[in-house]
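Observations on chain architecture
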Amino acid sequence: MGMSNTMSETNIRLAATEDRFSSDPEVSYTLAAPYYYDEALFRSEQSRVFAQSWRFACHRTEIPHTGDYVTLGLDNESILIIRYKDETIRAFYNVCPHRASQLVKPGSSGNKPSGISCPYHSWTFNHDGTLRGASRCERVKNFNKEDFSLTPVRVEELCGFIFISLNIDAPSLGAQAVGLDDLLNRECTGLEDYSLVARSDFDVKTNWKVIIDNFIENYHLTLSGPEHKKFADLVSSEEHESKIRTHDVWTEFISPAGRPDNSAFQWTEPRNLGGGNDFITIHLFPDMGFVLFPGVNALSLFYTRPTGPETCTLVTSYYAPTTELDEATKAGVHYFSDELSPEDIELCEGVQRGLRSRAYHQGRLMVDAERTGLSEHGVHAFHAWIRSFMLD
């Protein structure tokens, strides 16, 4: 797929500077800076990366009843995800096949108990997307209701989490992310029945990939701000005890817990979700993460909603087996959302400003041969995935 003419300035800059990204993580540099701010590259990314990948929509317990729905924006499309009467989840393009009116307001959620009705001419659709009724259709020559169903979008469920893809030919999420469901189910028994218990949204002045770069690597934990130094006290300080492992479309970081009386937040009992008490982060391509904290009885989700080449919304949400949270879990949610995340955002926004400097083009990735938890080979895997989509 060729790039458009509007990318000429970017192509000139990329061609004029040696690309030092390497397939060997130990000698590689990062993505080139324009990937983080160029308008044309951002537009191409929407169709080449996001429209081709599996994107998180919600947890199944957020739409528990027939007719419950949420919407998701993706590649300039609005997608309607709705629970059908047979307990399955369906997804459709949020557009009426009659005259292109959007069926529900983008960004909305709610319940359509008796079906989906177009606000323009009241065409009504069943929860499975078939056309139930259209005023005066009996007077229209050769009009067949079967020809005007809503256009479906692929849906897949992983451990209770609902994902969609606009790519009708994409391999299933389960086939791509082999082993991810096993890890999540091992650590969180009954995850498909967890409920949303907290959520924080941050409007961030940075490209979404800066956020993900920061999420994947732990090199900065003991080297940046005061909240990160507190956080480093929450996990084991022994470098050889933590590892980052990369898979086909996901990366895992696992480190033993630190002291219960750490300076980030206090916990007295190990996490009790069915697995262990390790600190675990998981990145699922392109822009989703799962986090488990020591002593915190909730699974945190971390994902972005890109809003421009240098802006995005960062969402941190928490799912738990009960809505009655213990004190350590409340403290962990508070620390991550209200103390650590703002410091991370400040760091990321500083990176975004620096990416436009004429003195910067690519940075050297700090990858060690042992692939320890402080190595940046997870960032390399993420950048390689981006390049595979964008340079195909």
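Located above this text is the structure these notes cover.
A brief structural summary. (Residues numbered from 1 in each chain as written. Predicted model: local features only at pLDDT ≥ 70, side-chain atom pairs only at ≥ 80, totals over all residues. Heavy atoms only, no water.)

**Considering the overall build of the chain**
We count it as follows: Note on conventions: DSSP H or I runs of at least 4 residues are helices, E runs of at least 2 residues are strands, and numbering of each starts at the N terminus. For the radius of gyration, the atom set is restricted to C-alpha positions; the globular benchmark scales as 2.2 Å times the number of residues to the power 0.38. Surface accessibility follows the Shrake-Rupley procedure with a 1.4 Å probe radius. Residue values consider only the protein chains on display as shielding. As used throughout, the charge tally considers Lys and Arg to be positive and Asp and Glu to be negative, leaving His and the chain termini uncounted. To locate a charge, take atom NZ for lysine, CZ for arginine, CG for aspartate or CD for glutamate.
Looking only at helices and strands, the chain has 8 helices and 17 strands in total. Taken over the C-alpha trace, the chain has a radius of gyration of 23 Å; the compact-globule value for 392 residues is 21 Å, and the two agree within 12%. Taken as a whole, the chain presents about 17700 Å² of accessible surface, with 49% of it coming from carbon and sulfur. Within the chain, the 55 negative side-chain charges are centred at a point lying 9 Å from the centre of the 36 positive side-chain charges.

**Thoughts on the side chain of Ser 224**
Heads up, the condition is: Pairs of N or O atoms are called polar contacts if they sit within 3.5 Å, as long as, within protein, a hydrogen donor faces a hydrogen acceptor (for residues adjacent in sequence, only side-chain-to-side-chain pairs). Contacts are residue-level and defined by heavy atoms, with any inter-residue pair within 4.5 Å sufficient.
Inspection of the secondary structure assignment puts Ser 224 in the loop between helix 5 (208-216) and helix 6 (226-232). From its side chain, Ser 224 meets the backbone oxygen of His 220 in a polar contact 2.9 Å long. Beyond its immediate chain neighbours, meaning those up to four positions away, Ser 224 contacts Lys 229 and Leu 347.

**Overview of helix 5**
Where we set the bar: The rule is simple: take the accessible area with a 1.4 Å probe, protein chains only, and divide by the maximum for that residue type; under 20% is buried, over 50% is exposed, in between is partly exposed.
With 9 of its 9 residues buried, helix 5 lies for the most part within the structure. Buried within helix 5 we find Trp 208, Lys 209, Val 210, Ile 211, Ile 212, Asp 213, Asn 214, Phe 215 and Ile 216. For helix 5, the capping residue at the N-terminal end is Asn 207, with a side-chain oxygen 2.8 Å from the backbone nitrogen of Lys 209.

**Section: the state of the cysteines**
Definition in use: Cysteine sulfur atoms that pair up within 2.5 Å are treated as a disulfide.
By the definition in use, this model includes 0 disulfides. Free of any disulfide, Cys 58 has its nearest neighbouring cysteine sulfur in Cys 159, separated by 15 Å. Not part of a disulfide, Cys 96 finds its nearest cysteine sulfur in Cys 118, a span of 4.0 Å.

**Quick look at the sheet that holds strand 3 (residues 77-83)**
Applied cut-off: Whether two strands pair comes down to DSSP finding at least two bridges between them. Each axis is a line fitted through C-alpha atoms, taken for helices only over the stretch in contact, and angles between the N-to-C directions span 0 to 180 degrees.
Overall, antiparallel pairing links the 4 strands, which are arranged 4-3-2-5 in an open sheet. Strand pairing shows two members of the sheet lacking a second neighbour, strand 4 (89-93) and strand 5 (109-111), which therefore form its edges. This sheet shows a mean twist of 25° between the axes of neighbouring strands, independent of strand direction. As defined by bridge partners, strand 2 (residues 68-74) adjoins strand 3 across 6 bridges and the pair is classed as antiparallel. In the strand pairing of strand 3, Val 70 is matched with Ile 81.

**Concerning the nonpolar core**
What counts is decided by this rule: Nonpolar core, defined: a set of buried Ala, Val, Leu, Ile, Met, Phe, Trp, Tyr and Cys residues in which side-chain atoms within 4.5 Å join the residues together.
The biggest cluster of nonpolar side chains holds 100 residues, and the ones touching the most others in it are Ile 81 and Phe 161. Here this core takes 8 residues from helix 7 (residues 327-355), the largest share from any one element. In this view, Phe 161 contacts Phe 56, Cys 58, His 59, Glu 156, Leu 191, Phe 290, Leu 299, Leu 301 and Tyr 319; residues no more than four positions away in its chain are not counted. Counting 16 residues, the second-largest nonpolar core is a separate cluster that includes Phe 92, Cys 96, Ala 134 and Leu 150.

**What to know about the pairing of strand 13 (residues 250-255)**
Burial runs high along strand 13: 6 of the 6 residues are buried. With burial as the criterion, each face of strand 13 is covered, one bearing Trp 250, Glu 252 and Ile 254 and the other bearing Thr 251, Phe 253 and Ser 255. Sheet topology note: the strand 12 (residues 243-246)/strand 13 ladder contains 4 bridges and is antiparallel. Following the sheet pairing, Thr 246 is matched in strand 13 by Thr 251. In this structure, the hairpin formed by strand 12 and strand 13 is closed by a connection of 3 residues.

Geometry only, nothing functional implied.
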